[in-house]
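Each chain, letter by letter, is given below.
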Amino acid sequence: MTQNLNETLRVNGQQSRWHAFETQDSLNQAAVKRILTAADGAISKYGSFLIVLAGGSTPKSVYQLLSKEQADWSKWHIYHNDDRCLPVDHAERNSLMARQAWLNHVAIPQNQIHDIPAELGNIEGAKAYTQTLKGVRTFDLVLLGLGEDGHTASLFPNQAVDNSADAVPVFDAPKPPPERITISQNRLNNTHEVMFLVTGGGKQQAVDQWRSGVAIPATLIALEAGVDVYYFGVSLT
Ligand SMILES: O=C1O[C@H](COP(=O)(O)O)[C@@H](O)[C@H](O)[C@H]1O
């Protein structure tokens, strides 16, 4: 039997809270609300808000909604969980998508938007981003997507987990392009909150694997506080 429900699950040492939405729009609105609430909380506590963005197509409509919001943008610091080794202006760059959908339209200071320099290639770009992350405190909120094969950020199935630096090169990614850069598992876990955005039937198999205890990469993200999964268009079995 399949159902849409809200529930908490514990598998492979990861606690995940699953939040069901009836429409893509209601999920997007809830995600925006959660991001703005996290920002207000972090700014009151630390004077700044450190958010790590997911790439791919799923978060684009959330970013478009954020571009229309009022917020204390001067206190926001933007990072990316991964990017693809392509020219800066390539349509498949995660940084370009986030800028076009959101960041170009709000007053976040440019020096607080930290793109991964993936155009340098995966080895040099990862070194440079590790330097960018040096001394950066615990992130406030990490947004993550879920690939059809269970990957998250650019942590792919059947690849060794590399925690040797805060940002690491990825080779032979099964989803193009093969060369990428990702924030490492350990650094992604160094955050106060995690929100996965999971939408569309293409993600059903990965969701089923996740929930039945298969150690897909999404389960590498395991905060003590648990992670939240906002979902639409998949069913929980
Ligand atoms: O390649 C990537 O894929 C995942 C999932 O992307 P989506 O298009 O299925 O939403 C994404 O989270 C990651 O940042 C990206 O580089």
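Residues numbered from 1 in each chain as written. Predicted model: local features only at pLDDT ≥ 70, side-chain atom pairs only at ≥ 80, totals over all residues.

Details of the nonpolar core
So, step 1. One finds Leu143, Phe196 and Leu197 to be the most contacted residues of the largest nonpolar core, which totals 60 residues.
So, step 2. Ignoring sequence-local partners within four residues, the contact set of leucine 197 consists of Ala31, Ala54, Thr58, Pro59, Val62, Leu143, Gly145 and Tyr230. (Core = buried A, V, L, I, M, F, W, Y, C linked by C-beta atoms within 7 Å. Buried ≥ 20, exposed ≤ 12 C-beta atoms within 10 Å, placed from the backbone. Contact = placed C-beta atoms within 7 Å.)

Examining the sheet that holds strand S9 (residues 191–199)
So, step 1. Here we have seven strands laid out as an open sheet, ordered S1-S2-S10-S9-S6-S3-S4, and mixed in their pairing. Only two strands of the sheet have a single partner each, and these edge strands are strand S1 (7–11) and strand S4 (76–80). Looking at each pair of strands side by side, their axes are set apart by 25° on average, direction ignored.
So, step 2. For S1 and strand S2 (residues 14–20), the ladder comprises five bridges, and the chain directions are antiparallel. When the sheet's bridge partners are listed, glutamate 7 is paired in S2 with tryptophan 18. (Pairing = 2+ DSSP bridges. Helix = DSSP H or I, 4+ residues; strand = E, 2+ residues; numbered from the N terminus. Axes fitted to C-alpha atoms, helices over the stretch in contact; angles between N-to-C directions.)

As for the site of the ligand
So, step 1. Taken together, 13 residues are adjacent to the ligand, and Gly55, Gly56, Ser57, Thr58 and Gly145 come closest.
So, step 2. For the shell around the ligand, the residue count by class is two nonpolar, nine polar and two charged. (Near = placed C-beta within 6 Å. Nonpolar A, V, L, I, M, F, W, Y, C, P; charged D, E, K, R; others polar.)

A look at unusual backbone geometry
So, step 1. A cis amide bond, omega -5°, links proline 176 with the succeeding residue proline 177.
So, step 2. In this structure, proline 177 sits in the loop between strand S7 (167–170) and strand S8 (180–183).
So, step 3. At alanine 153, a position not held by glycine, the phi torsion is positive, near 50°.
So, step 4. By the secondary structure assignment, alanine 153 is in the loop between strand S6 (139–144) and S7.
So, step 5. In this model, aspartate 172 sits at a positive phi of 55°, which is unusual for a non-glycine residue.
So, step 6. Here aspartate 172 is to be found in the loop between S7 and S8.

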